[in-house]
Amino acid sequence: MERSFHREIEQLRQGDNGKFQGEGILAVTKAILQSGVGYVGGYQGAPVSHLLDVLVQAKDLMAELGVHVEANSNEASAAAMLGASINYPIRGAVTWKSIVGTNVASDALSNLASPGVKGGAMIISGEDTGEGASVIQERTHAFAMKSSLWLLDPRPNLQSMVDMVEHGFQLSEASNTPVILGLRIRACHVQGDFTTKNNQKSPINTIDKADHPAAFEYDRLAHPPATYAQEKKKVEERLPAARKFIVDRQLNEFFDGRYNNLGIILQGGLYNTLVNRLNVLGLGDQFGNSDIPLMVLNVTHPLVPDQITEFCAGKDAVMVLEEGNPEFIEHQIHTMLRKADIQTRVFGKDIFPTGGEYNAEAITKGLVDFLGEVEPLAIDQEALRDKAAQLFNDKAAGQEVMDIALPPRPPGFCTGCPERPVFTAIKMLKEEIGDIHIAADIGCHAFATYAPFSMGNSILGYGMGLASASAVGPMLKKRTISIMGDGGFWHNGLQTGVLSNLFNEGDGLLIIMQNGYASATGQQYIPSSTVGSDTTPMTSEIEQTLKALGVKWLRTVRTYGVSRMLDTLREAMTTEQKGLKVIIADSECMLARQRRIKGENAEKLKRGAEVIVPRFGVDEEICTGDHSCIRLSGCPSLSLADNSDPLRDEPVTQVIDSCVGCGLCGEVAHAAQLCPSFYRAERIQNAGAFTKMMAGFRNGVIGWLAGSERPS
Amino acid sequence: MSEAKTVKILICAMGGEGGGVLMNWIVNAAWRKSYPVQATSVPGVAQRTGATTYYIELLPEAVPPGAVKPVFALIPTAGEVDVLVATEAAEAARAAGNGFISPNRTHLIASTSRVYLMPEKMAMTDGRVDDDELADVMAKSAHKSVLFDANEAAKEAGAIVNAIMLGAVAATGVIGIELDDFIDAITDEGKAVESNIAGLRSGFEIASGQKKTEDQPDNVVALSEAGTQSKFPDSVQPVLDHATKRLADYQNEAYVASYLNRLENFKDRDSDLLEVVAKQLALRMSYEDIIRVAQAKIRAERFERIRNETGANADDIVIVTEFFKPGVAEISDLLPSGLAKSLIAWGEKNNKMDNFGFGMEVKTSTITGFLKLWSLAKLKWWRPKSNRWQVEQANIEDWLELVESASVLNVNFAVEVAELARLIKGYGSTYRRGMRNYSRIVEEYVRPLVAAGAVSGEATEQVRRARDAATSDPDGADLNKILSDIQVPGTIAAE
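Since the model is a prediction, treat every value here as computed from it, not as a measurement.

### Description of the interface of chain A and chain B
Where interface size is quoted, it is often the accessible area lost as the parts come together.
Right, on to step 1. On the side of chain B, 104 residues touch chain A, which itself brings 98 residues to the contact.
Right, on to step 2. Sort the elements by how many residues they give to the side of chain A that touches chain B and helix α25 (residues 689–709) of chain A lands first, with eleven residues.
Right, on to step 3. For the side of chain A that touches chain B, a count of residues per class yields 43 nonpolar, 35 polar and 20 charged.
Right, on to step 4. Where strand β24 (residues 678–685) of chain A meets strand β7 (residues 317–324) of chain B, six bridges bridge the pair, whose relative direction is antiparallel. Residue R680(A) lies in a different strand from β7(B), and its bridge partner there is T321(B).

Structure representation (structure tokens):
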């Protein structure tokens, strides 16, 4: 991790009545320290990466508070870490991106939930759903239900989120159950403020250590026959305790409204969007006053039947605002009302989209449909529909004005990314030997699924690329290529992919992108990372690990060497040698490298040392505007410029100022024999006296020669 | 209770551009004024280049601590955006398409600059979205708009684009935060204060009309008006002017004469046909070979241009390295016919045409490197003796004859046949692919038609479609489809 979180760490030090101003996920980070956690762990992933990034850097503060911090190797490892709270009265928090992280963690979670916890245990779950999401749109709610974990979904303002963290730990302890704090993307990134409290120390921590390990208690093992008793406890003791706590501490919020015969039950996370729509439709104001009574579920699992029935009793109808599929809350509400013999009508997924984000349009449409069905006399239906129509009309008007078919702009490889050349080489190989089955994976390299590469037949999860090709290889005449990042390798791929392939005498080619970081999530360190100029890995080297596992065919190739990469790929695809072939595609993440080099160069310039900065360029006169170079690269610094040749119409390729001189353009021009338009220009600052003198002499001679060639 | 209205600001940016910086400046300035404010975004942590948005809501009215705060939305809504900032023209248009720019409400601040989308860049010809169409969308959408090249403005002010945009936001006067508030916020933050404030002021001046932005000089060199060839009609003089200069530089005056001579046949014909032939003939006669590349690489003004690109100061040294990989084709280009034919035969037999060559990195900023290219450029006297010359001249004659025969049957058709020469360009495999496509269209469709002596209006359209197909994908899939769909006269009889 090269980025510095110095300012953020200062915010975490604030005491009572301080004012925190910043991002939601950092507010939550502050809240877990205020709650007195003894340990924190997790695995990075948007939108919760910053929590761990900041705490990993905040070594001094963590040492003062006696907090143990781990950047776990994957989410299962993080979930298992919560095991400390089973036997000890220590609070702990772990974080990851859901749903995928929860999937990986789920084995440990089941085994954690069964014995339950003494110390409060919290999972900060980044709910990566809706616009901007990068994973499958499944619900964490299902895990909470099947494992009996409590699920918090606070209103998305900093104070509510912080309060729910503190309540959450208490709820966890009151009911001996781990809790999940689910935060949607925009809630994690929301900028706001809240009033801080002092950070608390855990009663047992890395400074004040426990004298004795916990006594042997068979009941605390997730092992039969204890598991049967634990299953009973979940329902008969922990659930009632949790419900009592939710009611006593008023974790769910009720807002009165004048239309008492109606009601809206909503997930806390949707509160802001709903209030906003009520305001626009004339059913409330911007300060949260609503004409329709609201029941805000800051705890979405478990529901409290008495609260639900009390809210619904006497009402003609309620509307349930529940994002995601299936509609677990709505089903439970139906059951509760049925059992209590309450005849209030329940509207939910019948008027709302089954899946997808509940944005302004979805909620507006739902509200209008709901009020249209129940027809409260006080509401002028026509006026309501007119107000609602405004939104849709504005959208339609926009679509009418914007009649250009604009392709989407997905994220892509950074300028100079070391992974790009590997896909350039694969694209060239495909031109030689025909199409290839490519098992893609999670990581920056997944951007190769977009143009100009458009590669990848499957994505099965983080580090699962090789495993996902294991039954494809034996069915195809040609070998398969699997992609894995170094992050994915350590997260999961080592066991799931490599070991399984070796054990089953598989074949095929695995490319491991070794760029030194978990790059897609913000350049976090991984076991094979090297720090600064030190070339020894922090923990283990991938090459040594593969050898130790028993990989026989193993090549490490510098990614920017396209010709060599192509030769190595060709050899791997065609060699007679059976067994797994691994190419380690090696070059540091350019984003991290540039961040480092920038500082180093500034320092060199300051003390007058020589600094060389390369970039590439295109000779416009030589470029014929075919853009093959772009189709083999897609680098953001390769752009287009109008052709100044009046005889030609096609725009020429242009290298814009963002070029970092990675060298790929030169390599591609060579490897693909494209065209001689490209050149590399190196600017040398603070050159030595001799170098300068030589340069002056050269320029003189060249100037004279060039002058003689100038057209008369 | 407050009557002030929430102000809604949407920023459309691209990952890695620092749109979050702009968002934070606005949020910090609002905090300083004790305005209730909320901002959020949907960027991934490190994802670059993709479209991202940042959304801010604020109430432009100071609230005392403890007062009820407004509940702000986290998602922008169509028709409810007061200020829309877009750092790129297509993203502004995209926002318009999503209904975020309303004629009765939205102040649009957009850069007219483009960051091309991948499909625009990948096209084998010109795949760019029309700038005028984008401008049209922006002009139609907004209540008030400030449209300017923010990249240029940033360069001029020595600032980052976001500072310019912030100044323009202040100039809208609708968010309750004045220029001075932003200056204070930036000063407080203490990062790159001088350049950020310079950018801020510049953006403010542009948006408030105090400073006119220069219209970008069109960097397309216009066809000059200097007429030189009196016997040709005026309409074609600009093309001839360029063509003759180009060919004189490429070879010599005799070659120019030969060009004009070849054009002679088309002199009194349809003016469109004459112009197309004049353009394409000049391009074909100045075909790309190593000598031409060397000529271009050693021009004196080139080194100055490259120095400027690197941003070098007078004291700095700039080293320029060229990348060449002459293969069988490029080498045989320069050999006499007999030798060249043997080499090509060897290359084709051993599959060496596309993947064999001598990779060279030549430093043209050194004397030896420069001399290599200088000597190659001097080789132009040898060109007429080379195999490539023989081949090209024969192909040109063949093409001219075909165009001429076609023109007797149907002038419009002949124009399209002449335009087919556009397919032949580039180097190495690009050239071979173009030549292959050209030959297929000519041999499988054009020549049989001309031979049959009947050309319909539909045929003209077919040739144009075939040309488009040849440049729509590098694999030739579209061209295959078009050619197999076209009814070629005589093919049935021949089977």
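### Focus: the environment of E120(B)
Right, on to step 1. Secondary-structure assignment places E120(B) in helix α3 (residues 118–122).
Right, on to step 2. Among all residues touching E120(B), those that are not within four sequence positions of it are G127(B), R128(B) and V129(B).

### Comments concerning the domain arrangement of chain A
All names here are of chain A.
Right, on to step 1. Along its sequence, chain A is carved into domain 1 (14–247), domain 2 (253–396), domain 3 (422–592) and domain 4 (610–709).
Right, on to step 2. Computed from C-alpha coordinates alone, the two centres of domain 1 and domain 2 are separated by 30 Å.
Right, on to step 3. Ranked by residue count, the leading element in the side of domain 1 that touches domain 2 is helix α11 (residues 226–248), at five residues.
Right, on to step 4. A breakdown of the residues in the side of domain 1 that touches domain 2 according to their chemical character gives 13 nonpolar, four polar and six charged.

### Describing the sheet that holds strand β2 (residues 37–42) of chain A
Residues and elements named next belong to chain A.
Right, on to step 1. On the basis of which strands lie adjacent, the open sheet formed by seven strands has the order β3-β2-β4-β5-β7-β6-β12 and mixed pairing. Looking at which strands have only one partner, the edges of the open sheet turn out to be β3 (68–69) and β12 (299–301).
Right, on to step 2. One ladder, built from three bridges, connects strand β6 (residues 150–152) with strand β7 (residues 179–184); its direction is parallel. In the sheet register, L151 faces β7, and the bridge partner there is I180.
Right, on to step 3. Packed on one face of the sheet, helix α3 (residues 49–57) meets β2, β3, β4 (91–98) and β5 (121–127) and runs near 120° to β2.

### As for the environment of A451(A)
Right, on to step 1. Summarising the element assignment, A451(A) is placed in the loop between β15 (438–440) and β16 (458–459).
Right, on to step 2. Given 17 C-beta atoms within a 10 Å radius, A451(A) is considered partly exposed.
Right, on to step 3. Taking the C-alpha atoms as reference, A451(A) lies 9.0 Å from G412(A); in sequence the two are 39 residues apart.
Right, on to step 4. If we ignore the near neighbours within four places in the chain, the residues touching A451(A) are G634(A), M118(B), P119(B) and M122(B).

### With respect to the pairing of strand β10 (residues 262–267) of chain A
All names here are of chain A.
Right, on to step 1. Within β10, six of the six residues are buried, leaving the element largely enclosed by the surrounding structure.
Right, on to step 2. Neither face of β10 is exposed, since L262, I264 and L266 on one face and G263, I265 and Q267 on the opposite face are all buried.
Right, on to step 3. Of the strand pairs in this sheet, β10 and strand β13 (residues 317–321) are connected by five bridges, and their pairing is parallel. For I265, the partnering residue across the bridge sits in β13 and is V320.
Right, on to step 4. One ladder, built from four bridges, connects β10 with strand β11 (residues 294–297); its direction is parallel. From the neighbouring strand, Q267 faces β11, where its bridge partner is L297.

### A short note on helix α12 (residues 271–280) of chain A
Along an α-helix, residues three or four positions apart point the same way, because every turn accommodates 3.6 residues.
Residues and elements named next belong to chain A.
Right, on to step 1. For α12, the buried fraction is high: ten of the ten residues fall into the buried class.
Right, on to step 2. Within the span of α12, buried status applies to Y271, N272, T273, L274, V275, N276, R277, L278, N279 and V280.
Right, on to step 3. Buried residues in α12 make contact with β10, β11, β13, α15 (360–374) and α16 (381–401).
Right, on to step 4. Once α12 ends, the next one or two residues include G282, with phi positive near 80°.

Thresholds, definitions, all that
- Along each chain, residues carry numbers from 1 onward, in the same order as the chain's sequence is written.
- Here the convention is simple: chains get letters from A, ligands get numbers from 1, in the order in which they are written.
- Thresholds applied to this predicted model are a pLDDT of at least 70 for local features of residues and 80 or more for the giving and counting of side-chain atom pairs; totals over whole chains, interfaces and linings are not thresholded and use all residues.
- The contact rule is simple: place each C-beta atom from the backbone, and if two of them lie within 7 Å, those residues are in contact.
- To qualify as a helix, a DSSP run of H or I must reach at least 4 residues; to qualify as a strand, a run of E must reach at least 2; elements of each kind are numbered from the N terminus.
- Ten residue types, Ala, Val, Leu, Ile, Met, Phe, Trp, Tyr, Cys and Pro, are classed as nonpolar, four, Asp, Glu, Lys and Arg, as charged, and the remainder, Gly among them, as polar.
- Two strands qualify as a pair provided that DSSP identifies no fewer than 2 bridges between them.
- Source of the domain bounds: an automatic or database domain assignment.
- What counts as an axis is a line fitted to C-alpha atoms, over the stretch in contact for a helix, and the angles between N-to-C directions run from 0 to 180 degrees.
- With C-beta atoms placed from the backbone, a residue is labelled by how many other C-beta atoms lie within 10 Å of its own: buried for 20 or more, exposed for 12 or fewer, partly exposed between the two.

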